[in-house]
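# Architecture and fold: a report
As a plain string of letters, each chain reads:
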Amino acid sequence: MGNADYVFPSTNAECARRVAIPPPQPFVKSLKYNLKETFFPDDPLRQFKNQPTSRRFVLGIKYFLPIFDWAPSYTFEFLRSDFIAGITIASLAIPQGISYAKLANLPPILGLYSSFIPPLVYAMMGSSRDLAVGTVAVASLLTASMLGNEVNANENPKLYLHLAFTATFFAGVFQASLGLLRLGFIVDFLSHATIIGFMAGAATVVILQQLKGILGLDHFTHSTDLVSVLRSVFSQTHQSKRKPRFFWVSAMAPLTSVILGSILVYLTHAEKHGVQVIGHLKKGLNPPSFADLVFVSPYLSTAIKTGIITGVIALAEGIAVGRSFAMFKNYHIDGNKEMIAFGTMNIVGSCTSCYLTTGPFSRSAVNFNAGCKTAVSNIVMAVAVMVTLLFLTPLFHYTPLVVLSSIIISAMLGLIDYEAAIHLWTVDKFDFIVCISAYAGVVFCSVEIGLVVAVAISLLRLLLFVARPKTFILGNIPNSMIYRNVEQYTNTSSVPGVLILEIDAPIYFANASYLRERIARWVDEEEDKLKSSGETSLQYVILDMGAVGNIDTSGISMLEEVKKVMDRRELKLVLANPGAEVTKKLNKSKLIEKIGQEWMYLTVGEAVGACNFMLHTGKPDPLKEESEAYNKV
């Protein structure tokens, strides 16, 4: 970058356009607009405008129960596809449900209960066509870990079961509340990198936990960290699997394993020779469990904490999975609707002997690949599970636990996405650190600690973005009025006597002090460079405010201090391209009067043109010259 060959493009600096100050708006109107933009960016009430009352009622029913929206256009072709998909995911849901219930230290039958009622609720309320609802390993592990810290599932199984129902109830209330209050952005604090690391860490822990079933160990730790699990394995002297590629093989393999394993145990009477089996599963549909919810101390806080944490994780996974498959089929799902649907199905589930459910990736992928068209595939799956509950549960008596452990391990390997971790390293090293921190926290400490560490690092990064925004020196691209970052565009030319800085973030109390010091340093470095090269001394400092979306009182005070410093150094502060919100606040604070409206320009090009005009004409009062120019017109 240099200024020796700099030729400023011709412009009529005297007729530069003024920066307009937005007209004042009533506080109520401004507040209403801000609230709408914060909580209703998708404007869900738009469809109700200018509609009669009866039509609004119908639209309201369709909004909260989307099944009434798509059901009238449902066809036999759709039913055939959904039936095949539903039967396919049922063959996966039944063995997985039993396995994940064991992972959560709950009776295996709860896995089947949780694959019956919640999918029916979601089919009526959900907006995704591809999401297959059911229990998930990570939420099961979290439930076992967090509730197990307070109540031993073996010593007090009844209380543990009731707390699981209560945690599911609070998870549902929390999820539905986020949707109703339009607070879904809270889930966004679980970044993509956090979820990758957390899921991989949880999958590793789940796989290690299954060593109990694989090795047939009677005594095993309830802790979820790597050291405790390995200690349990190597302290006992007790005495594998492949991932199929075709979706139907993946779906049928677990059920096939269960059937073959059960037949083998039955024929050989292996349960009498040390092979652990599921045992008795009672027939019948979900019994009511509302009376079992625990709303008294000392366990209420544990149930609430478990419900909120597992609820957030379930939401993040379910919405991410739903959006991924919606993108493939080019349709839109409403995140807040999904939260209401998840919350409702978990509230209903907690009252019907179910524990936490969401939209697991493996089951949804099978549903998608099986050709599902609508949420009817969930209804078909639920009916298949209902038939199993009514007539087929005795067939699972001889199912060996080692098969269930293998099913869980098979499902968990898909959650260790090392390719995604490598991609994070390639694209963003900090995201990779977040991912690895989440993984290490889960594997070496606990699931909760890993989650907290990952979220804390993500928030720290967010705070660093806010507290340390980027500032750039801008230069002129030759033969144009365009000014860009000199580091990105190395062929730019500096403007003699003018320093152009771009502030790339809103100015708040958290970064005001940093920006003041950073601007001063840019000025010092520019003056030192000009002195050493013998070029034109610095006369003007232009701040490009185009990326400054907002400013608070601390930011305004910072600009006032910068203005005073520039005055003492006999430099002129010029503002370019301030936004409406920033201009409004600068005007109310009287800062525009101090800077002078004649020193505020719509573009960097006009600001540089005005400064260049003053430097070459020696006219110190641009307002006077501008007034004279306007009077001539």
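Residues numbered from 1 in each chain as written. Predicted model: local features only at pLDDT ≥ 70, side-chain atom pairs only at ≥ 80, totals over all residues. Heavy atoms only, no water.

### Comments concerning the environment of L142
Within the secondary structure, L142 is located in helix α7 (residues 137–148). In this structure the C-alpha to C-alpha distance between L142 and A104, which are 38 residues apart in sequence, comes to 7.8 Å. (Helix = DSSP H or I, 4+ residues; strand = E, 2+ residues; numbered from the N terminus.)

### Observations concerning empty space enclosed by the protein
Where empty space is left becomes clear once a probe the size of a water molecule has been rolled over the atoms. Estimates place the volume of the largest cavity at around 60 Å³. Lining the largest cavity are 10 residues; nearest its centre among them are I473, L474, S494, V498 and E526. Contributions of two or more residues to the lining of the largest cavity are made by β1 (471–476), β3 (498–503) and α21 (509–533). Considering each element in turn, the lining of the largest cavity owes the most residues, three residues, to β3. Broken down by class, the residue content of the lining of the largest cavity amounts to seven nonpolar, one polar and two charged. (1 Å grid on protein atoms, 1.4 Å probe; cavity = no way out; pocket = protein on both sides within 12 Å on 5 of 7 lines; lining within 4 Å. Points joined across faces, edges and corners; volume = space filled by probe spheres on them. Nonpolar A, V, L, I, M, F, W, Y, C, P; charged D, E, K, R; others polar.)

### Describing the confidence of the model for the protein
This prediction gives the protein a mean pLDDT of 80; 80% of its residues lie at or above 70. Counted against residues more than four places away or in other chains, residues 622–633, with its pLDDT under 50, gives 16 contacts. (pLDDT = per-residue confidence, 0-100. Contact = heavy atoms within 4.5 Å.)

### Re unusual backbone geometry
In most cases, non-glycine residues show a negative phi, while peptide bonds are predominantly trans. Despite not being glycine, E570 shows a phi value in the positive range, around 60°. Inspection of the secondary structure assignment puts E570 in the loop between α22 (553–568) and β5 (572–576). Residue E570 is classed as exposed on the basis of its relative accessible area, which comes to 69%. Although it is not a glycine, N577 adopts a positive phi angle of roughly 60°. (Buried < 20%, exposed > 50% of the residue type's maximum accessible area, 1.4 Å probe, protein only.)

### Regarding the packing of helix α8 (residues 157–180) against helix α13 (residues 300–329)
Pairs of packed helices are described in terms of their axes, by the angle between the two and the distance that separates them. Running from N to C, α8 and α13 point in directions that differ by 55°, and their axes come no closer than 7 Å. The angle between α8 and α13 places the two elements in the oblique class. The two elements α8 and α13 meet at a crossing, and its hand is right-handed. Mapping the contact onto sequence places L163, T166, A167, F170, A171, F174, Q175 and L178 in α8 and L300, A303, I304, T306, G307, I308, T310, G311, V312, A314 and L315 in α13. When its residues are assigned to classes, the contact of α8 with α13 shows 13 nonpolar, six polar and no charged. (Axes fitted to C-alpha atoms, helices over the stretch in contact; angles between N-to-C directions. Parallel < 35°, antiparallel > 145°, perpendicular 65-115°, else oblique. Left-handed = near helix turned anticlockwise from the far one by under 90°.)

### Considering the side chain of E527
By secondary structure assignment, the location of E527 is in helix α21. At 2.7 Å, the side chain of E527 and the side chain of R569 are in polar contact. In contact with E527, not counting residues within four places along its chain, are L538, R569 and L571. (Polar contact = N/O pair within 3.5 Å; in protein donor to acceptor, adjacent residues only side chain to side chain.)

### A look at the pairing of strand β4 (residues 540–544)
In regular strands, side chains alternate between the two faces of the sheet. With five of its five residues buried, β4 lies for the most part within the structure. Burial along β4 is two-sided: Y540, I542 and D544 facing one way and V541 and L543 facing the other are all buried. With five bridges connecting them, β3 and β4 associate as parallel partners. The partner of V498 across the bridge, within β4, is Y540. Viewed along the sheet, the connection from β3 through α21 into β4 turns out right-handed. Strand direction decides the pairing type here: β4 and β5, joined by five bridges, are parallel. Note that in β5 the partner of D544 across the bridge is A576. Read as a crossover between parallel neighbours, the route from β4 over α22 to β5 is right-handed. (Pairing = 2+ DSSP bridges. Right-handed = clockwise from strand over helix to strand, strands pointing away.)

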